[in-house]
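# Residue-level structural notes
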Amino acid sequence: MVKIAASLLAADFSCLYEEVKKVEKEVDSLHFDIMDGHFVPNITFGPQVVASLREKVNLPFEIHLMVENPQEWIIPFARAGGDLITIHLETSHHLDRLITLIKKEGKKAGIALNPATSLCGLEYILSGLDLVLAMTVNPGFGAQDFLFSVLPKIKSLRQMAKERGVPFEIEVDGGINQATARQVIEAGSSTLVVGTAVFGASDPKEAILRLKNS
Ligand code: DX5
Ligand code: ZN
């Protein structure tokens, strides 16, 4: 069954813990969109917010670093309680070094790709990855429309995993809802990041269960 990572970007920031409690029994992980106002035109939250929720929430925490200098933020978010740290391929010339740093912190390592970014940059780091995140919107905001142009990339990722025999998770992020979930699952995604379709739903629990059964 597909896994659901709830993106807090779509939650009510004035009561984050209450929002998490609404979904914590149904989702598989929490997805923290970390934005620095440089790599993407938005700013969200820092390590302290992650640490505060870490004290109260048992779910795995995914840290999605949409920041210009990921090397500055891997350790702070690892020590704040992140379990999986995903950096954007577009934000470093030293991906192998940063993946090693994430692993040294005892965390899982992911690489995120913007919609226009090809897979070739993954060529020599695939074996060290726990997850590849295919952005299905241009990063920075929730509630955007799904980019169908990314579907072939998801299929190629699944092909890559099979041919290389590397068991990395394929995660998609952005515009995932009842209408798009089935297509990304069939293309090869095993984890769906969902913000608006969960926290914007009248019944978040029911929305999650419907997505899981897509
Ligand atoms: C966008 C974020 C996504 C976003 C998904 O930059 O990375 O996680 O919050 O939100 P929805 O599901 O609302 O498109
Ligand atoms: Zn995200």
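Our structure is the block above this text.
Here is what the cut-offs are and how they apply
- Residues numbered from 1 in each chain as written.
- Chains lettered and ligands numbered in written order.
- Predicted model: local features only at pLDDT ≥ 70, side-chain atom pairs only at ≥ 80, totals over all residues.
- Heavy atoms only, no water.
- Helix = DSSP H or I, 4+ residues; strand = E, 2+ residues; numbered from the N terminus.
- Rg over C-alpha atoms; globule rule 2.2 N^0.38 Å.
- Buried < 20%, exposed > 50% of the residue type's maximum accessible area, 1.4 Å probe, protein only.
- Contact = heavy atoms within 4.5 Å.
- Lys, Arg positive; Asp, Glu negative; His and termini not counted.
- Charge placed at Lys NZ, Arg CZ, Asp CG, Glu CD.
- Core = buried A, V, L, I, M, F, W, Y, C linked by side-chain atoms within 4.5 Å.
- Pairing = 2+ DSSP bridges.
- Axes fitted to C-alpha atoms, helices over the stretch in contact; angles between N-to-C directions.
- Arc of directions from axis to C-beta.
- Near = heavy atom within 4 Å.
- Polar contact = N/O pair within 3.5 Å; in protein donor to acceptor, adjacent residues only side chain to side chain.
- Nonpolar A, V, L, I, M, F, W, Y, C, P; charged D, E, K, R; others polar.

Another point: the overall build of the protein. The secondary structure content of the protein amounts to 8 helices and 8 strands. For the protein, whose C-alpha radius of gyration is 16 Å, the value lies close to the compact-globule estimate of 17 Å for 214 residues. Expressed along its principal axes, the backbone C-alpha trace of the protein runs to roughly 45 × 35 × 30 Å. Split into buried and exposed, the 214 residues of the protein put 52% on the buried side. Sequence-distant contacts in the protein: of pairs separated by 6 or more residues, those separated by 24 or more amount to 64%. Where the 21 positive side-chain charges of the protein centre and where its 26 negative ones centre are 5 Å apart.

With that settled, consider the nonpolar core. Membership of the largest hydrophobic core comes to 63 residues, with the highest contact counts inside it found for Leu8, Phe32, Ile111 and Leu122. Considering every element that reaches this core, the biggest residue donor is helix 5 (residues 151-164), with 5 residues. With near-sequence residues (within four places) excluded, Leu122 lies in contact with Leu89, Ile111, Leu113, Leu129, Val132, Leu157 and Met160.

Turning to unusual backbone geometry, a few remarks are in order. Across residues other than glycine, the phi torsion is negative in most instances, and most of the peptide bonds are trans. Despite not being glycine, Ala143 shows a phi value in the positive range, around 60°. On the secondary structure map, Ala143 appears in the loop between strand 6 (131-135) and helix 5. The exposure class assigned to Ala143 is exposed, which follows from its relative accessible area of 64%.

Here 8 strands make up a closed barrel; going around it, the order is 1-2-3-4-5-6-7-8 and the pairing parallel. Recorded for the sheet is a direction-independent mean angle of 25° between the axes of neighbouring strands. Two elements, strand 7 (residues 169-173) and strand 8 (residues 191-194), share 3 bridges in a ladder whose sense is parallel. Note on strand 8: the bridge partner recorded for Glu171 is Thr191. Helix-sheet contacts for helix 2 (residues 47-54) involve strand 2 (29-35) and strand 3 (61-66), and the interaxial angle to strand 3 is about 175°.

On to helix 4 (residues 95-104), then. Within helix 4, the full set of buried residues consists of Leu95, Leu98, Ile99 and Ile102. One side of helix 4 holds all its buried residues, which, seen down the axis, span an arc of 100°. Facing away from the buried side of helix 4 by over 90 degrees, the exposed positions are Arg97 and Lys104. Its buried side turned inward, helix 4 meets helix 3 (74-80), strand 4 (84-88) and strand 5 (108-113). Directly after helix 4, the chain includes Gly106, whose backbone phi takes a positive value near 75°.

All right, on to the site of ligand 1 then. As a structural note, the neighbourhood of ligand 1 is formed by 20 residues, with Gly140, Asp173, Gly175, Gly195 and Thr196 the closest of them. A distance of 3.4 Å separates an oxygen atom of ligand 1 from a polar atom in the side chain of His64. Top contributing element to the shell around ligand 1 by residue count: strand 2, with 3 residues. The residue inventory of the shell around ligand 1, partitioned by class, reads 9 nonpolar, 9 polar and 2 charged.

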